[in-house]
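# A look at the structure
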Amino acid sequence: MKKKKSGAVWMILPLYIFTIIFVAGPLLYMVALSFAQPKAGHGVEWIFTLENYKKILDPVYMQTFTGSFKLALTSTLFICLIGYPFGYFMAKLSDKWKKRAMIFLMLPFWVNSLIRLYGWMIILQTKGLLNHALKSLGLIDKPLRILYSYPAIVIGMTYVLLPFMILSVYSSAEKLDWSLVEAARDLGAKPFKAFWTVSFKLTLPGLLSGVILTFVPSMGLFFIADILGGNKIVLVGSLIQEQMTRGSNWPFAAALAVVLMILTTLMIMLYRKITNAKELEGVG
Amino acid sequence: MKKLVVCALCAALVVPTLAVSVSADDSKELVLYTWENMFPQEVLDGFEEETGIKVVYSNFDTDENMLEKLSMAKGGDYDVIVADDYIIQTAIEEGLVEKLDTSKLTGWKNINPLYQGQFYDPNDEYTAPYGAGIPLIVYDPELVDIDIKGYNDLWDASLEDSIALTANYRVLNGITNLALGQDFNDQNTDDIAKTGEKLLELAPNVRLIQDDNTQDALLNGEASVAFLYTSQVTTALQENPDLKVVYPEEGLGFGVMGMFIPSQAPDKDEAYQFMDYILQPENAAKCFDYIGYYCTNKAADSLLENQDLVVPDSVTEGSAVENISAEADEAYNKNWTEFKAACN
Amino acid sequence: MKKNSKLSGFYLGLIFVLMYLPIAVVIVFSFNESKLPVRFTGFSLKWYQQLFSDSAMIEALGNSLFLGVVSCLVSAVIGTLGAVGLSRIHWKTKGALEYISILPLMIPEIILGMVMMAFFYMLNLPFGMLTLLIGHTVFCVPYILMEVKARLAGMDPSLEEAARDLGAGPFRAFWDIILPLIMPAVMSGSLLAFAMSMDDVVISIFINGPRLSTLPIKVYTQIKTGVTPEVNALCTIMLAVTILILLIYTAIGKITGRNQKNN
């Protein structure tokens, strides 16, 4: 027993050291920054203040948070609906096709995401491919104005973050013992019931990590709202971006980031409570 | 799976070695720090050929990022920097910029005096201008029924959901100020509140707000009117010469990019050589044709292929984004966030 | 079962088509004459020509690949060992540690980049590949950690105990039993991490040194004058080369496989 533990300590040591120095260090700096004052023009004055947090309570900025949450939730929902079956089906493929599917899934990453989003811009624009196709199919008379609208942002978010969901679900579905599902079927369970009671429960950890990997970054992804949404919706990510650059108000940006961090943590904890995924204790 | 990993590993090991073999080891180097694509390769190669100095091209995305890096490096690390006017002002105030010895710059006399004596460097001690911009209104006369003359026309009800705007909050607040007859850099918070209200009224007309490639929206028909930076105006006109360009009657916004040497630049002599090379008319002309900003080099005007880059004689003054009080800045910021949220 | 697999195959295919649609557009526009991604004005190879004369771009690609692979490997080791270790120990600080290590995912990149830059200056680290590697590892570890944890969750701990009972040392037990079981998760986490590293610009731009550039930095900093299709050309070449290598690899595999059979 004792020996086993010492092995685990050695395993965890790199993570501990790295996290404490290179993750906790910068983050502490960020928290400290959120209580400082911006210097006129450029830089920071290290005088304690709560002003930055007070400012967030302003309805203009509060609205940014609710807007971001709404968008993140919507996108995550779509990502789950599309990505979960994908990852699940992928895990059921033969070994040969599994490998191929994995390669197909990763190849798009060779193309810079900014450039891929420009690809979507060309597809979605009023005189673009989509409208062209719909028109020649006789489905619409007037071109749809999808680009620079809310749906366009959701499409972009779903597109960029989908692989994260797929891979998470896949890696936990891949270890599923299909004979269990078969057994449930043999015992007379309907396909859906067999799926729900056996497969879904067992792939839940994968879904959960997928949700975290998609929901969390979608709060900060500002360039999708910029390229496909025409910047007409203000997200926390874009607000922080602006405060960091043109606004030159880092303490406020840091305070926004701290609040975002806390809210995201709360969301994850809440989600975990609902899904009751005890195995993943600790992350929140 | 394994294949993919092997591929990546091979590529990671092979490509850098290729890259290294491409870049020969030269003792004389110069670190140029600016946005990507600000100098044509031809000019950089020409400089290397003439002087034997290799240009290491380093990039930043925003002025603020540059300032931060430079102040962390205490004015060192970089040899020549090209950035926007307002940030240079701050850099000068922080003592990060070298006072120029203009006797080392034979091309100094070529600079167009219109761009000298600006607010950020009133005595021309620190910078040489490298390109200027005047944000303008451009529209497609086939799609727009009204005759646009100035900023106020942007508020016209017929332009619903059809304007593309650039995304600089100070410039947009500034032109709204001009539309209201206020000063571009108005610092009075009551005035700024009025500006905010006026901006909100513009919201229904806005199709998109974007800082990069804004002209695309005008060219692909997403928007029929656009408020664009100079390089974007140039690109838009090259693609569609039928577009109409408006110099707004209420007054012009104005911005200059400046070239400077950081106070602790490691290779100052090389930096002077580079600056002087760029100030030579034939090189300058190539540069401005390439970047599509107004030519700031008087001697290069006649050498430009694109004569639209010579600033029209009618333009004698414009308002630049100047550094303002924190309070006013805060108010402008809030206006902007409210405006963007209202556009949706 | 047959009908089911056909249906799922159709679904996978459909999503793949949607995934590759924008990429097809990117490839088509790499041959576009015009600089703008607005409409196709005519076939041209000029962006490819321009790319090949642009040694800085190729160098940046090399840096990106190196950075992606190394930071991904380092994070795979830290993340995998960490996840396995976490499932075994019961320290009080465990939850906190795990939480902190995935925090980089929750903070918008721009502020993370900025605080890392300030922090690295405080530590007096030389800016360049080292800082980039550390920075990328910071946001790569969470992906691997989370993927491996999800895979470990619900895994039968008796397996390892059985191995240990049979006399395998802790290292053997990990290497022979645990690692093969969690390998798919290590792989998918590493691939995500690699992809994130290859794509990151916001953090890199803060922590890179004056003489070092990565591919995304080169692309993103073109915003002042507009992104050129040179990038499309580069991405197309990267895709083509990867596919080519894969094909050759499979072909070699087939040949050697056949030879083995013949012997």
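Residues numbered from 1 in each chain as written. Chains lettered and ligands numbered in written order. Predicted model: local features only at pLDDT ≥ 70, side-chain atom pairs only at ≥ 80, totals over all residues. Heavy atoms only, no water.

### Examining unusual backbone geometry
Operational definition: Only DSSP runs of H or I reaching four residues or more are called helices, and only runs of E reaching two or more are called strands; each is numbered from the N terminus.
Backbone geometry places Asp124 of chain B, a non-glycine residue, at a positive phi of 55°. Inspection of the secondary structure assignment puts Asp124 of chain B in the loop between α4 (85-93) and β4 (128-133). Residue Asn124 of chain C is not a glycine yet carries a positive backbone phi of 65°. Tracing the backbone through its elements, the reader meets Asn124 of chain C in the loop between α5 (109-123) and α6 (129-152).

### What to know about helix α3 (residues 63-72) of chain B
Residue and element names in this part refer to chain B. The following threshold applies: In this scheme, a residue with accessible area under 20% of its type's maximum is buried, one over 50% is exposed, and one in between is partly exposed, where area comes from a 1.4 Å probe on protein chains only.
Counting buried positions along α3 gives eight out of 10 residues, so the element sits mostly inside the fold. Considered for burial, the residues of α3 that qualify are Asp63, Glu64, Asn65, Met66, Leu67, Glu68, Lys69 and Leu70. Once α3 ends, the next one or two residues include Lys74, with phi positive near 55°.

### Examining the confidence of the model for chain C
Applied cut-off: What pLDDT reports is the predictor's confidence in each residue, on a scale of 0 through 100.
In the predicted model, chain C carries a mean pLDDT of 85, and the fraction of residues at 70 or more is 93%. Scored as a complex, the prediction yields pTM 0.85 and ipTM 0.85.

### Points about the nonpolar core
Rules: Nonpolar core, defined: a set of buried Ala, Val, Leu, Ile, Met, Phe, Trp, Tyr and Cys residues in which side-chain atoms within 4.5 Å join the residues together. In this analysis, two residues are considered to be in contact whenever any of their non-hydrogen atoms come within 4.5 Å of each other.
Core analysis: the largest hydrophobic core is formed by 270 residues, its most contacted members being Met30 of chain A together with Phe39, Tyr130 and Phe274 of chain B. Of the residues forming this core, the biggest block, 15 residues, is contributed by helix α7 (residues 150-173) of chain A. In this view, Met30 of chain A contacts Ala254, Ala257, Val258 and Met261 of chain A together with Ile107, Ile111 and Val115 of chain C; residues no more than four positions away in its chain are not counted. Membership of the second largest hydrophobic core comes to 35 residues, among which are Tyr139, Ile175, Leu178 and Ala331 of chain B.

### Things to note about the side chain of Thr49 of chain A
Residue and element names in this part refer to chain A. Positionally, Thr49 belongs in the loop between β2 (44-45) and α2 (51-56). Residue Thr49 is classed as buried on the basis of its relative accessible area of 11%. Setting aside its immediate chain neighbours within four residues, Thr49 contacts Ser34, Phe35, Ala36 and Gln37.

### What about the packing of aromatic side chains?
Heads up, the condition is: Two aromatic rings from Phe, Tyr or Trp, using only the six-membered ring of Trp, form a pair when their centres are within 6.5 Å; if the ring planes differ by under 30 degrees the pair is stacked, by over 60 it is edge-to-face, and anything between is tilted. In this scheme, Lys NZ or Arg CZ marks a charge over a ring once it lies within 6 Å of the ring centre and within 35 degrees of the ring normal.
Evaluation of the coordinates by the stated rule reveals 42 aromatic pairs over all chains. Considering the side-chain rings of Trp120 of chain A and Tyr159 of chain A, the 5.5 Å spacing of their centres and the 75° angle between planes classify their relative orientation as edge-to-face. In this pair, Trp120 of chain A is assigned in helix α5 (residues 113-124) and Tyr159 of chain A in helix α7, connecting sequence segments 39 residues apart. Accessibility classification places Trp120 of chain A together with Tyr159 of chain A in one group, the buried group. An angle of 10° between the planes, with centres 3.9 Å apart, marks the rings of Tyr33 of chain B and Tyr78 of chain B as stacked. With Tyr33 of chain B in strand β1 (residues 29-34) and Tyr78 of chain B in the loop between α3 and β3 (80-84), this residue pair connects regions lying 45 residues apart in the sequence. You can call Tyr33 of chain B buried: its relative accessible area is 1%. Given the relative accessible area of 2%, Tyr78 of chain B is considered buried. The structure contains a cluster of three or more aromatic residues connected by ring pairs, namely Tyr84, Tyr88, Phe89, Phe192, Phe195, Trp196 and Phe200 of chain A together with Tyr11 of chain C. Geometry around Trp155 of chain B places Lys198 of chain B over its ring, the cationic atom sitting 4.6 Å from the centre.

### Comments concerning a nonpolar patch on the surface
Inclusion rule: Two distance rules govern patches: like charges are joined within 9 Å, and nonpolar side chains (Val, Leu, Ile, Met, Phe, Trp, Tyr) within 5 Å, applied only to residues with over 30% relative accessible area and no salt bridge. In this description, accessible areas are obtained by the Shrake-Rupley approach with a 1.4 Å probe, and a residue is regarded as covered only by the protein chains that are shown. One speaks of a salt bridge when a side-chain nitrogen belonging to Lys or Arg is within 4 Å of a carboxyl oxygen belonging to Asp or Glu.
A cluster of nonpolar side chains, namely Trp10, Leu13, Ile17, Ile20 and Ile21 of chain A together with Leu123 of chain C, defines an oily patch on the protein surface of about 580 Å² accessible area. The dominant element in the nonpolar patch, judged by the number of residues it contributes, is helix α1 (residues 2-34) of chain A, at five residues. In this structure, Leu13 of chain A sits in helix α1.

### Some words on the pattern of salt bridges
Working definition: two side chains of opposite charge can pair if their charged atoms are close together. On inspection of all chains with the given rule, the structure shows 19 salt bridges over all chains. One salt bridge in this structure joins Arg211 of chain C and Glu29 of chain B, with 2.2 Å as the shortest N-O distance. Residue Arg211 of chain C is found in the loop between α9 (202-207) and α10 (215-220), and its partner Glu29 of chain B is found in strand β1; the two belong to separate chains. In this structure, Asp147 of chain B and Lys244 of chain B form a salt bridge, with 4.0 Å as the shortest nitrogen-oxygen distance. You can see Asp147 of chain B sitting in the loop between β5 (136-139) and β6 (163-165) and its partner Lys244 of chain B sitting in strand β9 (residues 244-246), a full 97 residues away along the chain.

### Overview of the sheet that holds β5 of chain B
Residues and elements named next belong to chain B. Put simply, the rule is: Strand pairing is assigned whenever DSSP identifies at least 2 bridges connecting the two strands. Between the N-to-C directions of two axes lies an angle of 0 to 180 degrees, each axis being a line fitted to C-alpha atoms and, for a helix, fitted only over the stretch in contact.
The strand order across the open sheet built from five strands is β7-β6-β8-β5-β9, with neighbouring strands paired in mixed fashion. Of all the strands in the sheet, just β7 (206-209) and β9 have a single pairing partner and so form its edges. When the angles between neighbouring strand axes are averaged without regard to direction, this sheet yields 20°. Note: β5 against strand β8 (residues 225-228), four bridges, orientation antiparallel. Its bridge partner lying in β8, Val138 is registered against Ala226.

### Thoughts on empty space enclosed by the protein
Leftover empty space is mapped by rolling, across the atoms, a probe with the size of a water molecule. Heads up, the rule is: Method remark: on a 1 Å grid restricted to protein atoms, a set of points is classed as a cavity if a 1.4 Å probe fits but cannot get out and as a pocket if it is open with protein on both sides within 12 Å along at least five of seven lines; lining residues have an atom within 4 Å of a point. Grid points are joined across faces, edges and corners, and a volume is the space filled by probe spheres set on the points. Residue polarity is assigned by list, with Asp, Glu, Lys and Arg as charged and Ala, Val, Leu, Ile, Met, Phe, Trp, Tyr, Cys and Pro as nonpolar; anything else, Gly included, falls into the polar class.
Going through the model one piece at a time under the given rule, you end up with eight cavities of 30 Å³ or more. Considered as a void within the structure, the largest cavity measures approximately 1000 Å³ in volume. Lining the largest cavity are 47 residues; nearest its centre among them are Arg246 of chain A together with Ala167, Asn168, Asp211 and Tyr229 of chain B. Take the lining of the largest cavity: its biggest share by element is five residues, from strand β10 (residues 253-260) of chain B. Residues that form the lining of the largest cavity fall into these classes: 22 nonpolar, 13 polar and 12 charged. Considering only enclosed or pocket space, the second largest cavity measures out at about 630 Å³ in volume. Around the second largest cavity sit 35 residues that line it, and Leu221 and Phe223 of chain A together with Glu109, Met196 and Asp200 of chain C are the ones nearest its centre. When contributions to the lining of the second largest cavity are tallied by element, the ones reaching two or more residues are α5, α7 and α9 (191-220) of chain A together with α5, α6, α8 (170-199), α9 and α10 of chain C. Among the elements that take part in the lining of the second largest cavity, α9 of chain A stands out by supplying four residues, more than any other.

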